[in-house]
Amino acid sequence: MQVDVHLIDGTYELFRHFFALPAATDLNGREVGAVRGVLNSVLSMIERGATHIGVATDHVVESFRNDLYPGYKTSEGVPPELLAQFPILEEALEAMGVVVWPMVKYEADDALASAADKAAKDDHVRQVVICTPDKDLSQCVVGTRVVQLDRRRDILRDEAGVVAKFGVKPESIPDYLAVVGDSADGYPGLPGWGAKAASLTLSKYPHLESIPKDWREWHPSIRKARLLSESLFNAWSDALLFRTLATLRLDVPVFDTVEDLRWKGPDPNFEEFCRRIKSRDLLRRASSAKLKRSQDE
């Protein structure tokens, strides 16, 4: 029997729910509104049939990329009430029986990329669904086997969808981001390189090294080739650095076998956790989902 694997960007989900939901405190006075939102969201996926789930979080926002580039994103400016909910969310998900990868050296995106790559190699897996709108993760999409799901807008993107959105194949996404830049991650890209120029150029030459050094050899459909060439090759080391920042790691330890990701119901301590965060309904729903799962199996 083949299974689907759902990999969830816990950092994105926590941010999304923090800014979408009203504040709420637990019995100890800690802010947990976003945590409750994420738990409800993940549990709704389980109720709709998700069986194998992994959630990655940025336990620490800074990563090895900050050592490579001083301007890379940090936790500066992130509300303390939001940062404080990361360890609570990780504890909560584990109590609910969901596998969590809290990242310190690497980023949540690296864990998701590593998990997607490993799961896709398992013959028992029908499809890997990476649940995040983050454009970085588009590089992990493979045909219709590894896809990306924006749950908030209900948009499922396979390889053809990545090409339709960015104008390049998934393998070229790091090169694309290197020249266009990524304001969310804190690197600027190269002067003169907009999305249109990047997609047109990289659709002809998939990687930076493929681009001819002489602009006169560029495909005639690429406008302002001379200016783009000068911008690229005058800042070649920056372009390679930005691509390194955009390239997700595939060697993060995540799971031994896909079966490790199977949801088997909440742990016994989930009841106490739900009491603490004043959310008894979560316990009722999780218990009901476990019962239904056992009956179906």
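As a starting point, this report considers the structure included with it. (Residues numbered from 1 in each chain as written. Predicted model: local features only at pLDDT ≥ 70, side-chain atom pairs only at ≥ 80, totals over all residues. Heavy atoms only, no water.)

This part covers the environment of Gly 97. By the secondary structure assignment, Gly 97 is in the loop between helix H5 (85-95) and strand S3 (99-103). Between the C-alpha atom of Gly 97 and that of Phe 233, which follows or precedes it by 136 residues, the distance is 50 Å. Other than its neighbours up to four places away in sequence, Gly 97 contacts Trp 263, Gly 265, Pro 266 and Asp 267. (Helix = DSSP H or I, 4+ residues; strand = E, 2+ residues; numbered from the N terminus. Contact = heavy atoms within 4.5 Å.)

With that out of the way, let us pick up the packing of helix H1 (residues 10-20) against H5. The geometry of H1 relative to H5 is characterised by a closest axis approach of 11 Å and an angle of 115 degrees between their N-to-C directions. Crossing of H1 over H5 shows right-handed handedness. Taken together, the residues of H5 that come into contact with H1 (itself represented by Gly 10, Thr 11, Leu 14, Phe 15 and Phe 18) are Gln 85, Phe 86 and Leu 89. Residue composition of the contact of H1 with H5, grouped by class: five nonpolar, three polar and no charged. (Axes fitted to C-alpha atoms, helices over the stretch in contact; angles between N-to-C directions. Left-handed = near helix turned anticlockwise from the far one by under 90°. Nonpolar A, V, L, I, M, F, W, Y, C, P; charged D, E, K, R; others polar.)

Another point: the packing of aromatic side chains. Taken as a whole and assessed by the stated rule, the structure comprises nine aromatic pairs. Centroid distance Phe 18 to Phe 19: 5.0 Å. Interplanar angle 90 degrees. Geometry classified as edge-to-face. Judged by its relative accessible area of 19%, Phe 18 is buried. For the ring pair Tyr 187 and Phe 242, a centre distance of 5.5 Å and an interplane angle of 20 degrees mean the geometry is stacked. With Tyr 187 in the loop between helix H8 (173-180) and helix H9 (195-204) and Phe 242 in helix H11 (residues 236-246), the pair connects residues that are 55 residues apart, well separated along the chain. Classification of Phe 242 as buried rests on a relative accessible area of 3%. Each residue in the set Tyr 69, Tyr 187 and Phe 242 is aromatic and connected to the rest through ring pairs, giving one cluster. Note that Lys 118 overlies the ring of Phe 255, its terminal NZ or CZ placed 5.3 Å from the centroid. For Arg 249, the ring lying beneath its charged end belongs to Phe 64, and the centroid distance is 5.3 Å. (Phe/Tyr/Trp six-rings, centres within 6.5 Å; stacked < 30°, edge-to-face > 60°. Buried < 20%, exposed > 50% of the residue type's maximum accessible area, 1.4 Å probe, protein only. Lys NZ or Arg CZ within 6 Å of the ring centre and 35° of its normal.)

All right, on to the nonpolar core then. Counting residues in each nonpolar core, the largest one holds 39 residues, and the members touching the most others are Leu 39, Leu 93 and Val 98. When contributions to this core are tallied by element, the ones reaching two or more residues are H1, helix H2 (33-47), strand S2 (52-58), H5, strand S4 (125-131), strand S5 (146-150), helix H12 (270-276) and helix H13 (280-296). Leu 93 has contacts with Leu 39, Val 42, Val 55, Val 98 and Val 100, leaving out every residue within four places of it along the chain. Within the second largest apolar cluster, 30 residues are counted, among which are Ile 173, Leu 190, Ile 222 and Ala 235. (Core = buried A, V, L, I, M, F, W, Y, C linked by side-chain atoms within 4.5 Å.)

So, about the pairing of S2. Buried residues dominate S2, accounting for seven of its seven residues. Here strand S1 (residues 3-9) runs beside S2; their pairing, made up of five bridges, is parallel. Each residue of the ladder has a partner; that of Ile 8, found in S2, is Val 55. Pairing geometry for S2 and S3, over five bridges, is parallel. Looking across to S3, one finds that Val 55 is bridged to Val 100. (Pairing = 2+ DSSP bridges.)

This part covers the state of the cysteines. Within this structure, the stated rule accounts for zero disulfides. Summary of cysteine pairing: Cys 131 is not part of a disulfide, and the nearest cysteine sulfur, belonging to Cys 140, is at 13 Å. (Disulfide = S-S within 2.5 Å.)

This paragraph deals with the pairing of S1. Taking burial as the measure, the seven residues of S1 include six buried ones, the bulk of the element. Bridging between S1 and S4 involves six bridges; their strand directions are parallel. In the sheet register, Ile 8 faces S4, and the bridge partner there is Cys 131.

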